[in-house]
Amino acid sequence: MIQPKLVPQRRLPRYGFHTHTERLNGRMAMLGFIALLVVEAQLGHGLLVW
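Reading the values: rules and limits
- Residues numbered from 1 in each chain as written.
- Predicted model: local features only at pLDDT ≥ 70, side-chain atom pairs only at ≥ 80, totals over all residues.
- Heavy atoms only, no water.
- Helix = DSSP H or I, 4+ residues; strand = E, 2+ residues; numbered from the N terminus.
- Rg over C-alpha atoms; globule rule 2.2 N^0.38 Å.
- Buried < 20%, exposed > 50% of the residue type's maximum accessible area, 1.4 Å probe, protein only.
- Areas by Shrake-Rupley, 256 points an atom, 1.4 Å probe, with all protein chains shown as cover.

1. With respect to the overall build of the protein
Next, step 1: Check the secondary structure of the protein and you find one helix and zero strands.
Next, step 2: In terms of overall dimensions, the protein is more spread out than a globule: its C-alpha atoms have a radius of gyration of 23 Å, far above the 10 Å expected for 50 residues.
Next, step 3: Viewed in the frame of its principal axes, the protein has a C-alpha envelope of about 75 × 15 × 15 Å.
Next, step 4: Across the 50 residues that make up the protein, the buried fraction comes to 2%.
Next, step 5: For the protein, the exposed surface amounts to about 5600 Å²; the carbon and sulfur share of it is 65%.

This is the structure:
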């Protein structure tokens, strides 16, 4: 059997789903949700109420 001389190295893609980007996205979503709850508590009603 012939063995290859050069073994290709796997590089991470520049876009798409990654562990670190998904974790950051989740953290930002949690911060936004908490900020929304704080704003609604200060206003006394939801943001979609006119």
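Moving on, there is more to tell.
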